[in-house]
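The chain contents come next:
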Amino acid sequence: MSGIEKVKSFLVENKKLVVAVASAFLALLFVGSILLAVFVGGEFGVKVESNEVKGLLQLEQSSYTTDYISGDKFSFDKEKSKVRLIAKDPLIEDIVKVDSLPASEYGFRIGDGEIFDNAEDIVLTADVKTVSVVSKYYPNLKTDIAVNVVSMDGVELTKELLLEAETAKLYNEGKLVEEEDKHTQPEADKPFNSASGTAQGADCSGGACLRNLGTRNIRVSFDVVCTEETEVKLVIKYCRRPDGKTFGEYFKVKVNGVTNTEIASLKTTASESGQYFTPEDLQTVTLKFKKGVNTVTFESGPNVGTQNPVNLDALLFTCDAAVIGVAA
């Protein structure tokens, strides 16, 4: 009898036993497949909870400085500040709420760098745009303070600074006019820079002035760096016009974004008819400059309710110490 015939004979003689064993084996396979699916599929796997703390850090009260010279230390007064923290810590059942964090529980840092206990441990450079107030226990919770850090590279400090209007930043209808374009715009025969191929304005400071502003929306901007808070005297040099209005009827002047009403009230000197290039000085005014960049702007046009302003010649700034210079 062959091997195959012996197997067939065994199966026939033991049919009931074979069926029972096969059924048990198939049942075992079925149960095994279910268990495998459950555990591999994750039904009974360990759930991984996120350890990330969510929440916010707020400055309810604050006392800090935003304007700096490169190399200055960051200034933030913890005694005059109130920092509020709200956090959802996965390891704590209740929401964490602290209305006023103790000074020892928060610090300061730049980017993802080291957290410093004291603000003055941070030395600012010109590339720094923000300094973060950070919770020490939950470092991902922070609030950013925008800072303006001025580089002094190439800035020469002086007591007296003369800035020519024809080389200042000029915006025509909101668009910056490049230096070369001031010699051809707005009209080739009457460009913004009076020194372009004409003798007009030759008696002005620097032998030129900013002219032909007309009814356009114009903004002229002067930037001055100051290394400390100080008082600065300003003389506005302009060219006479026949109408001789107050200066505020020609230009709206702002110092660091705030309208200067004193300058607006000053009376200009009228010229003879047809004369627009006779230089004149406006009465001296005193400004308070902050540490950092100080911006003086002159605006004219429909947007501010003026038109046909006087030709602008130059600005002369003077102070008691050599602390001002041209912004880079």
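If you're wondering where the values come from, they're calculated on a predicted model, not measured in any experiment. Note that residues are indexed from 1 along each chain, following the sequence as it is written. With pLDDT at 70 or above as the cut-off, local features in this predicted model cover only qualifying residues; side-chain atom pairs require 80 or more to be listed or tallied, and sums for whole chains, interfaces and linings still use all residues. The basis for every side-chain value is the complete set of heavy atoms in the structure, and neither hydrogens nor water enter the calculation.

### Thoughts on the sheet that holds strand 3 (residues 82-88)
Here is step 1: Taken together, the three strands give an open sheet; going across it, the order is 1-3-4, and neighbouring strands pair in antiparallel fashion. Here the strands that pair on one side only, and so sit at the sheet edges, are strand 1 (54-61) and strand 4 (96-98). Adjacent strand axes in the sheet meet at a mean angle of 10 degrees when their direction is disregarded.
Here is step 2: The pairing criterion for strands is at least two bridges between them, as found by DSSP. Working definition: helices are DSSP H or I runs of at least four residues, strands are E runs of at least two. Numbering for both runs from the N terminus. Where strand 1 and strand 3 come together, seven bridges link them in antiparallel fashion. In the sheet register, Gln58 faces strand 3, and the bridge partner there is Arg84. In this analysis, axes come from line fits to C-alpha atoms, helices being fitted only over the stretch in contact, and the angle between any two N-to-C directions falls in the range 0 to 180 degrees.

### Some points on the pattern of salt bridges
Here is step 1: One speaks of a salt bridge when a side-chain nitrogen belonging to Lys or Arg is within 4 Å of a carboxyl oxygen belonging to Asp or Glu. Applying the stated criterion to the full structure yields 12 salt bridges.
Here is step 2: For Arg241, the salt bridge goes to Asp243, with nearest N and O atoms at 3.8 Å.
Here is step 3: Here Glu299 and Lys254 are joined by a salt bridge, their closest N and O atoms 3.9 Å apart. Of the two residues, Glu299 sits in strand 20 (residues 292-300) while Lys254 sits in strand 16 (residues 252-255), which places them 45 residues apart along the sequence.
Here is step 4: Relative accessibility thresholds used throughout: buried, under 20% of the residue-type maximum; exposed, over 50%; partly exposed, between the two (1.4 Å probe, protein chains only). Classification of Lys254 by relative accessible area gives partly exposed; the value is 28%.

### Quick word on the nonpolar core
Here is step 1: Core analysis: the biggest nonpolar cluster contains 38 residues, and Phe247, Phe298, Leu312 and Phe317 have the highest contact counts within it.
Here is step 2: Only strand 9 (160-164), strand 14 (218-226), strand 15 (230-239), strand 16, strand 19 (285-289), strand 20 and strand 21 (312-318) provide two or more residues apiece to this core.
Here is step 3: When residues of this core are assigned to their parent elements, the largest contribution, five residues, is made by strand 14.
Here is step 4: By size, the runner-up hydrophobic cluster in this structure holds 23 residues, among which are Val53, Leu57, Val96 and Phe108. Here, the term nonpolar core denotes a set of buried Ala, Val, Leu, Ile, Met, Phe, Trp, Tyr and Cys residues that are joined through side-chain atoms within 4.5 Å.

### Examining the state of the cysteines
Here is step 1: Only a pair of cysteine sulfur atoms within 2.5 Å counts as a disulfide in this structure description. Under the definition given, this model contains zero disulfides.
Here is step 2: With no disulfide partner, Cys204 has as its closest neighbouring cysteine sulfur the one in Cys239, 3.4 Å distant.
Here is step 3: Here Cys204 falls in the buried class, since its relative accessible area comes to 6%.
Here is step 4: You can see Cys319 has no disulfide; the closest cysteine sulfur is in Cys226, sitting 6.4 Å from it.
Here is step 5: Judged by its relative accessible area of 10%, Cys319 is buried.

### Things to note about the environment of Ser100
Here is step 1: Its place among the elements puts Ser100 in the loop between strand 4 and strand 5 (106-109).
Here is step 2: Overall, Ser100 belongs to the partly exposed group, its relative accessible area being 43%.
Here is step 3: Spatially, the C-alpha atom of Ser100 lies 8.5 Å from that of Glu60, the residues being 40 residues apart in sequence.

### Comments concerning the pairing of strand 21
Here is step 1: Where burial is concerned, most of strand 21 is hidden: six out of the seven residues are buried.
Here is step 2: One ladder, built from five bridges, connects strand 9 with strand 21; its direction is antiparallel. Across the sheet, residue Glu164 finds its bridge partner in strand 21, namely Ala314.
Here is step 3: Taken together, the six bridges between strand 15 and strand 21 define a ladder with antiparallel strand orientation. What sits directly across from Tyr238, in strand 21, is Leu312.

### A short note on the packing of aromatic side chains
Here is step 1: Centre distance within 6.5 Å is the pairing criterion for rings of Phe, Tyr and Trp, where only the six-membered ring of Trp is used; planes under 30 degrees apart are then read as stacked, over 60 as edge-to-face, and the remainder as tilted. Evaluation of the coordinates by the stated rule reveals 12 aromatic pairs.
Here is step 2: Ring geometry for Tyr68 against Phe74: centres 6.1 Å apart, planes inclined by 45 degrees, an arrangement best described as tilted. Residues Tyr68 and Phe74 agree in their burial class; the two are buried.
Here is step 3: Both rings, one in Phe76 and one in Phe108, keep their centres 5.0 Å apart while their planes meet at 55 degrees; by these two values the pair is tilted. Here Phe76, found in the loop between strand 2 (67-69) and strand 3, pairs with Phe108, found in strand 5; they are 32 residues apart in sequence, far enough to count as distant.

### Some thoughts on the confidence of the model for the protein
Here is step 1: A residue's pLDDT is the confidence the predictor assigns to it, expressed on a 0 to 100 scale. Overall, the predicted model of the protein reaches an average pLDDT of 88, with 84% of residues at or above 70.
Here is step 2: Any two residues having at least one pair of non-hydrogen atoms within 4.5 Å are treated as being in contact. Under a pLDDT of 50 for its full length, residues 1-8 has, in the predicted model, one contact with residues more than four places off or in other chains.
Here is step 3: This model gives residues 26-50 a pLDDT under 50, and the stretch forms six contacts once residues within four places in sequence are excluded.

### Describing the sheet that holds strand 5
Here is step 1: One open sheet accounts for three strands, arranged 5-6-7; its pairing is antiparallel. Each edge of the open sheet is held by one strand with a lone partner, namely strand 5 and strand 7 (142-146). Neighbouring strand axes in the sheet, compared pairwise and without regard to direction, differ in orientation by 25 degrees on average.
Here is step 2: Note that strand 5 and strand 6 (residues 130-135) share four bridges and pair antiparallel. Directly across from Phe108, in strand 6, lies its bridge partner Val133.

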